[in-house]
Amino acid sequence: MLMSSHWIRHLFGLGWFLFPPNFYVIIPCQVIQGSVHHLIAKSKDFMKQLLPGNVIEDLELEVFDVYGNHVKQDTEMLLDMVGFCYQHKTKRIQVDNRGCIDLSGLLKVSTGYAETVSLSVLSNEKTVFSEESQTEKMMIRVATEIPEKCFTGSQLENVVFEIVKSDGVIDETVNDNEKGDMSHALVLKSDSTDLDDSVKYSFRHG
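Computed from a predicted model, the values in this text were never measured in an experiment.

**Observations concerning the overall build of the protein**
So, point 1. Counting its secondary structure elements, the protein contains one helix and 16 strands.
So, point 2. Evaluated residue by residue, the protein yields a buried proportion of 28% over its 206 residues.
So, point 3. The long-range share in the protein, meaning contacts at least 24 apart out of those at least 6 apart in sequence, stands at 53%.
So, point 4. Carbon together with sulfur atoms contributes 49% to the accessible area of the protein, which is approximately 14,600 Å² in total.

**Some thoughts on the sheet that holds strand β6 (residues 76-82)**
So, point 1. Sheet architecture is open: four strands sit in the order β8-β6-β11-β12, paired in antiparallel fashion. Edge positions in the sheet fall to β8 (92-94) and β12 (126-134), since each has one partner strand and no second. Here the average twist between neighbouring strands, direction ignored, is 25°.
So, point 2. Bridge analysis of strand β11 (residues 116-123) against β12 gives eight bridges, and the strand direction is antiparallel. Bridged to S120 within β12 is S130.

**Thoughts on the confidence of the model for the protein**
So, point 1. For the protein, the average pLDDT comes to 78, and 70% of its residues sit at 70 or higher.
So, point 2. A low-confidence stretch, residues 1-13 stays under pLDDT 50, and its non-local contacts, those more than four residues away or across chains, total 19 contacts.

**As for the nonpolar core**
So, point 1. Judged by nonpolar contacts, the single largest core of 28 residues is most densely connected at L39 and M77.
So, point 2. Elements supplying a minimum of two residues to this core: β3 (38-41), β5 (60-64), β6, β7 (84-86), β10 (107-109), β11 and β12.

The rules behind these values
Within every chain, residues take consecutive numbers counted from 1 along the sequence as written. Whole-chain, interface and lining totals are the exception, using all residues; otherwise, since this is a predicted model, local features are given only for residues with pLDDT of at least 70 and side-chain atom pairs are given and counted only at 80 or more. Values reported for side chains reflect all heavy atoms of the structure, with hydrogen atoms and water molecules removed beforehand. Strands are runs of DSSP state E lasting at least 2 residues, helices are runs of H or I lasting at least 4, and numbering of each runs from the N terminus. Throughout this description, buried means an accessible area under 20% of the type-specific maximum (1.4 Å probe, protein chains only), exposed means over 50%, and partly exposed covers the range between. Residues are treated as being in contact if the distance between any of their heavy atoms lies within 4.5 Å. Method for areas: the Shrake-Rupley scheme with a 1.4 Å probe, in which residue coverage is limited to the protein chains shown. Strand pairing requires that DSSP identify at least two bridges connecting the strands. The convention used is that axes are lines fitted to C-alpha atoms, helices contributing only their stretch in contact, and that angles between N-to-C directions extend from 0 to 180 degrees. By definition, pLDDT measures how confident the predictor is in each residue, and it falls between 0 and 100. In these notes, a set of buried Ala, Val, Leu, Ile, Met, Phe, Trp, Tyr and Cys residues joined through side-chain atoms within 4.5 Å is what counts as a nonpolar core.

Rendered as structure tokens:
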């Protein structure tokens, strides 16, 4: 007898029910979930707007067999990643009692701006899930007017730089915090002058 995955989902351990016109027969059976075939991320945008140091707060992966049923609890798989830091001791992950893998708050962007990042899940050395993206692009622009000509020995004063996202908006999250885990500072270097490149200029809200 052929049954759709929809019916199989709802008949685990219950048996198949046959209903002819005048009588019915119950045939006990048990449906066993298949091995891992593919994964689907509940959040479709988890690889967008990634910034260095950011943690992906909401990421759940649903794990299915070839017939679209959630696989067995405690099924083990392996994470493979580029540009992320997995905040657990091991990259081995297990399916929970909902047929999902919850990675919320466990993946931290460990690369810089405009870099490639990827996340893959392997089952029995076979890739069953793979996503690739790129961290946000940033650029520095001068917010104040710079004179076209400067005399030798003169000094530029009150020069303001801005950190701008790919959409042209100032990124106010770029804020220097020497006491924290993220420092944003500008260092000026030149081949033609004796600039002290040990001096850092802090960014304040972009």
